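Residue strings, one per chain:
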Amino acid sequence: MTGFDAATAAVQAALDAGARYADARVMHRRYESMSARNGDIEELIQDESIGLGVRALVGSSWGFHAVPELSDAAARDAGRRAAAIATASARVPGPPIDLVAVEATVASWASACDVDPLGVPLTDKGDLLVRATATVREHGADLAEGLYQIWDTTKWFVSSEGHRIDQRIRECGGGISATSIGDGETQRRSYPSYRGQYGTTGWELVTSLDLAAHAARIAEESRELLTAPECPSGETDLILGGEQLALQIHESVGHAIELDRILGWEAAFAGTSWLDLSRLGTLRYGSELMNVTIDPTIPGALGSFGFDDEGSPAARRDAVREGRWVGVLAGRDSAAVAGLDYGGSVRADGWARLPMVRMTNVGLEPGPHTLDEIIAATDDGVLMDINRSWSIDDKRLNFQFGCEVGWEVKKGRRGRLLRNPTYTGIGPVFWRSMDMLSSEIVPWGTPNCGKGQPGQTGHTGHPAAPARFRNVRVGVRA
């Protein structure tokens, strides 16, 4: 059977078994990754899977069932089982669940891709990692690592409302790191970020990173950090590089505005959110420079798609506008419960997982400054970049982050390296202190966002640029 045939059969079987709504996704995914260490290939992984997942809505309850087979019998059995699970769950009374309206669509969409990453010879991809990690070692690092990853996913989606959508999404990326070991001290420098940069695009992204050209620099900086002075402790002006700010957005904004967390649906595993729906539209989240969008239409960004896994078309909307909280990441059911009129942020990481609210591209709009201008305007502060560690509470409110590298900023100039830089804060207090933001936006990709039970790994994008925050606590108290 074709993907559409299997999905259609599953949906019809769910309806015949009593579901008032059903949808089904067939997903075919190919995955490839390669890693290198100290100039040698360490591991090659190649994987392929295909299967069908079907959701059925009965009363106030969802049922879900998945099968690794596309025969007519297997598809219909999956639909019946999904409806049976929903029926059993509906025996416990709950508030009625409606779905916000989405126009039934027949469509096809594919991400842009100039160079098919799976079509590039393995020898070429391996040579790239070998050269880069060998150069890292030659310039003094004790451990040199490199990695790339590729996903090629095709989806066929059918709903009882009339959706019939196919999509092909190709994603890839990679990066390198240098680790130096000293007397009681270990330091790492990565490029272009921790575990690399990723996007919904072709191998041209990896080529554009020019990993080998940055290998010597990160090796030398990792060794310099072994003897660099410790990041001072106290309150000071903090300048964050774009990569670290992308992680800050992910943890203290992206997860906090997920509507299932706000409603308490994710409390068991991922926690809830400090946000209260009664303050949507009025809460001051950050300074007037803070404009955060939810935008799965950004070409090449890792959280981009044509339609989410409920058939909602990709659409840009505001999450924070001039510092005020105005939007959430939602699905059709959670939006209806909250009295909102949009979804569009539901995805699953494979055919065997229930679709759930996930970040798409959640990031900042450009500011009016440059990094050089921000540094020049800072009399006393610390510049930090590239994430090393993260910790945030289950309400996404109190956080502490560590970075790979810091620089002292004195009288408008970037000075000496600082090792083990950390900073801590409270989400809204931190964002309200942002007083300078660069226009140099990069759509950083995060391919390892965890959420759900059973756990799912999401691919998200975070447009970000360097920014300054006033009176932030940095360093570790003695």
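Residues numbered from 1 in each chain as written. Predicted model: local features only at pLDDT ≥ 70, side-chain atom pairs only at ≥ 80, totals over all residues. Heavy atoms only, no water.

What about the pattern of salt bridges?
Right, on to step 1. All chains considered together, the criterion is met by 32 salt bridges.
Right, on to step 2. Here Glu 185 ties to Arg 419 by a salt bridge, and the two come within 2.8 Å at their closest N and O atoms. Residue Glu 185 is found in strand S7 (residues 185-191), and its partner Arg 419 is found in the loop between strand S18 (413-418) and strand S19 (422-426); the two are separated by 234 residues along the sequence. Both residues of the pair, Glu 185 and Arg 419, belong to the buried class.
Right, on to step 3. For Asp 435, the salt bridge identified is with Arg 470, shortest N-O distance 3.1 Å. Of this pair, Asp 435 sits in strand S20 (residues 434-437) while Arg 470 sits in strand S23 (residues 467-474), and the two are 35 residues apart along the sequence. (Salt bridge = Lys/Arg side-chain N within 4 Å of Asp/Glu carboxyl O. Helix = DSSP H or I, 4+ residues; strand = E, 2+ residues; numbered from the N terminus. Buried < 20%, exposed > 50% of the residue type's maximum accessible area, 1.4 Å probe, protein only.)

Examining unusual backbone geometry
Right, on to step 1. Cis peptide bonds are those with omega within 30 degrees of zero, and the linkage from Tyr 191 to Pro 192 qualifies with -5°.
Right, on to step 2. Cis rather than trans, the peptide bond between Gln 453 and Pro 454 has omega equal to -5°.
Right, on to step 3. Here Pro 454 lies in the loop between strand S21 (442-451) and strand S22 (456-464).
Right, on to step 4. Residue Arg 195 is not a glycine yet carries a positive backbone phi of 65°.
Right, on to step 5. Tracing the sequence through the fold places Arg 195 in the loop between S7 and strand S8 (197-199).
Right, on to step 6. A positive phi angle, near 60°, is found at Arg 396, a position not held by glycine.
Right, on to step 7. Assignment of secondary structure puts Arg 396 in the loop between strand S16 (380-392) and strand S17 (398-410).
Right, on to step 8. Accessibility expressed as a relative area gives 12% for Arg 396, which makes it buried.

Focus on the layout of surface pockets
Right, on to step 1. Taken as a whole, the largest pocket encloses approximately 800 Å³ of empty space.
Right, on to step 2. If you trace the largest pocket, you find 28 residues lining it, with Trp 62, Trp 265, Asp 333, Leu 354 and Pro 355 closest to the centre.
Right, on to step 3. Broken down by secondary-structure element, the contributors of at least two residues to the lining of the largest pocket are strand S3 (61-67), helix H8 (332-338) and strand S14 (356-357).
Right, on to step 4. At three residues, the largest contribution of residues to the lining of the largest pocket is made by S3. (1 Å grid on protein atoms, 1.4 Å probe; cavity = no way out; pocket = protein on both sides within 12 Å on 5 of 7 lines; lining within 4 Å. Points joined across faces, edges and corners; volume = space filled by probe spheres on them.)

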